[in-house]
Amino acid sequence: MGNIKAFVAALVLAVGLAVLGSTPPPAKGPSAPAEGFSAGRAMADVKRIGRHPHPSGSREHATVRSHLVQRLRAMGLIVRTQDGAFPQEMRAWFNRHNGTAADTIPLVNVIGLLPGREPALPAVALMAHYDSVPGSPAAADDGAGVAAILETVRALSLDPARRRDVIVILTDGEEAGLTGAKLFFAEAPERRRIGAVVNLEARGGGGKANLFQTSSLNGDVARAWAATAPHPAGTSLATFIYSVLPNDTDLSVALPRGYAAWNIAFIGRAHLYHSPLATPQALDTGALQQMGEQALGLARALSQAAQLPGRAPDIVFFDVFGLFVLHYATAWGWGMLAVALIGYGALAARRFDIRELAGGAGRMLALVAISGGGLYLLNLLSGAGPAADYYDRLAAIPRLQAMALCACLAAGILIAGRKPATPSGEAGFAVPLWVAGAALQALAPVAAYVLTIPLMLGGVVALLRLRGNAGLAAGAVVAPLVGGYGLMLGYTLMQAVGPMLPMVAVLPLATTWLAFLQLRPAITRSAPLAAVLLAGAVALALWVRLDAPAASIPTYSEARAPSARK
């Protein structure tokens, strides 16, 4: 009975920690202290920017630009515009999606300068784009980023300790090949004065505002962010994943110039990405608060600093449930693997049985392979593939997350529901993860913490189990920490790449299952329960496949009925 109580308590705590770590902070109202960031104040600009769609070259786009120029000048900035024109291939894109036949489309960046006390020092740049895709009010992408910069600059303008100039770059044409950023970083004289850049973006309408990209050799860059973010959200795993994806933002144009750089975005409420439903009323104000707090914290520290962050070896970093940031040198991962090897080795040596060890390892391998294969097949069943509409898949993310959860639980109960009979069997479960952790530590050390830390903690629990009840108490603490982070990680990974690669849920499944192995009670009648969960996963996949295209998909999407497209 004690084990069951400990298991339930640990599971409830894990879910609570996952919710805590996946939820942005509450928004601060318009009456919040003037020196801080207030989403309530920023929302006034979001509402003005996101009244109507404002693609580059449109009348509404010019109206938004006039508003931004007026707002910046009212806060004491020196403002100018940088004019250019879209190249032929971009004009063709606009005309096709806008249903127009314009011969020229103006390209206009808005540039503001907030002077500091020492203008000879390299400046700090805050960047976002103010254009929208056709048909979307773009309150989130990137009205939220622009409004967050305006509120950040307002707070910075009150700061007497600001040494460096702050340059505001509001780019045009991001939605059409990063055209405005290319113009700025190729021709604007301000580009030579910049030492650091903070870019704000969105791929959705809410959720945590994550640091997902930095400049290379980011040790000092990551530490600067960790020291200034009041409600941090970001991981070196995210920066690694983004580095191998074929995605770009305006920051992609700036990075080759060697600036210290940070890219912050939220990706929750993904159905609102480029959507006609992306109105100010639909924006998650907590996400705006978290984005702005991190931007202001960084900008304030950088503008006051005698020296900007330089290039230093990459480090491992991640927020711990949004409460604080843990960071360390990548080499520490090898020490964590050593602790895991010692701990699980000592556990197996208590009653060593090579067959049980191999059996545990085989069951973990089976759990990973079968759950991964099952998710691949379920993804195909849900309609994934080259013909699927990207935005319709984004709208299906909550159902795909539920599908992945049901499938993973079904595989876990069916394959690993029976507890190992011996300590050797328990240790065997860790063997495949240890091998995977060592491989990841060698090939991508900034991402390996998702395996090395759970393995290390499991190794410590295994060592304490040699001392009797201390091991059970330690397991009751470690399980919710590892499980909570695993649930949070699975939720985030499914938001990021789940519509294409739901197999990523296998990683947090494996680490969570290992952490709960000691506490988990025996599961009776596992086959019927697994069958019910699998049936639920299949039903969710079919729901996604057979459902009509989401109302949230862009107006120019081929998935819309011809009469509904521009």
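Here the structure is shown first, and the text comes after it.
Everything in this summary refers to the structure shown in the same document. (Residues numbered from 1 in each chain as written. Predicted model: local features only at pLDDT ≥ 70, side-chain atom pairs only at ≥ 80, totals over all residues. Heavy atoms only, no water.)

## Some points on the overall build of the protein chain
Argument step 1. For the protein chain, the count of helices and strands is 19 helices and nine strands.
Argument step 2. For a compact globule of 566 residues, the expected C-alpha radius of gyration is about 24 Å, and the protein chain comes in at 25 Å, within 12% of that figure.
Argument step 3. The buried share among the 566 residues of the protein chain stands at 58%.
Argument step 4. Relative to all contacts within the protein chain whose residues are 6 or more apart in sequence, the contacts with residues 24 or more apart total 83%.
Argument step 5. Surface summary for the protein chain: the accessible area is close to 22,200 Å², and the carbon and sulfur share equals 65%.
Argument step 6. Taken as two groups, the 45 positive and 33 negative side-chain charges of the protein chain have centres that lie 7 Å from each other. (Helix = DSSP H or I, 4+ residues; strand = E, 2+ residues; numbered from the N terminus. Rg over C-alpha atoms; globule rule 2.2 N^0.38 Å. Buried < 20%, exposed > 50% of the residue type's maximum accessible area, 1.4 Å probe, protein only. Contact = heavy atoms within 4.5 Å. Areas by Shrake-Rupley, 256 points an atom, 1.4 Å probe, with all protein chains shown as cover. Lys, Arg positive; Asp, Glu negative; His and termini not counted. Charge placed at Lys NZ, Arg CZ, Asp CG, Glu CD.)

## What about the packing of aromatic side chains?
Argument step 1. On inspection of all chains with the given rule, the structure shows 13 aromatic pairs.
Argument step 2. Ring centres 4.8 Å apart and planes at 75° place the aromatic pair Phe 212 and Tyr 242 in the edge-to-face group. Of this pair, Phe 212 sits in strand S6 (residues 206–214) while Tyr 242 sits in helix H8 (residues 236–244); the two residues are 30 residues apart in sequence, bridging distant segments of the chain.
Argument step 3. Given a relative accessible area of 12%, Tyr 242 falls into the buried group.
Argument step 4. Taking 6.3 Å as the distance between ring centres and 70° as the angle between the ring planes, the aromatic pair formed by Tyr 449 and Tyr 485 counts as edge-to-face. Of this pair, Tyr 449 sits in helix H16 (residues 449–465) while Tyr 485 sits in helix H17 (residues 469–497); the two residues are 36 residues apart in sequence, bridging distant segments of the chain.
Argument step 5. For Tyr 449, a relative accessible area of 2% corresponds to the buried category.
Argument step 6. Classification of Tyr 485 as buried rests on a relative accessible area of 14%.
Argument step 7. Cluster of aromatic residues (ring-pair linked, three or more members): Tyr 273, Tyr 390, Tyr 391 and Tyr 556. (Phe/Tyr/Trp six-rings, centres within 6.5 Å; stacked < 30°, edge-to-face > 60°.)

## Observations concerning the sheet that holds S6
Argument step 1. On the basis of which strands lie adjacent, the open sheet formed by seven strands has the order S1-S2-S4-S3-S5-S7-S6 and mixed pairing. This sheet does not close on itself; its edge strands, each paired only once, are strand S1 (78–85) and S6. Averaged over all pairs of adjacent strands, the angle between strand axes in this sheet comes to 20°, irrespective of strand direction.
Argument step 2. Sitting on the sheet, helix H5 (residues 143–156) touches strand S2 (106–114), strand S3 (123–129), strand S4 (166–171), strand S5 (194–202) and strand S7 (260–268), and the angle it makes with S3 is about 150°. (Pairing = 2+ DSSP bridges. Axes fitted to C-alpha atoms, helices over the stretch in contact; angles between N-to-C directions.)

## Description of the environment of Met 456
Argument step 1. The topology assignment puts Met 456 in helix H16.
Argument step 2. We classify Met 456 as partly exposed; its relative accessible area is 21%.
Argument step 3. With 121 residues separating them along the chain, Met 456 and Gly 335 place their C-alpha atoms 8.6 Å apart.
Argument step 4. Those residues in contact with Met 456, other than ones at most four positions away along the chain, are Met 336, Val 339 and Ala 340.

Coordinates in, geometry out; function isn't part of it.
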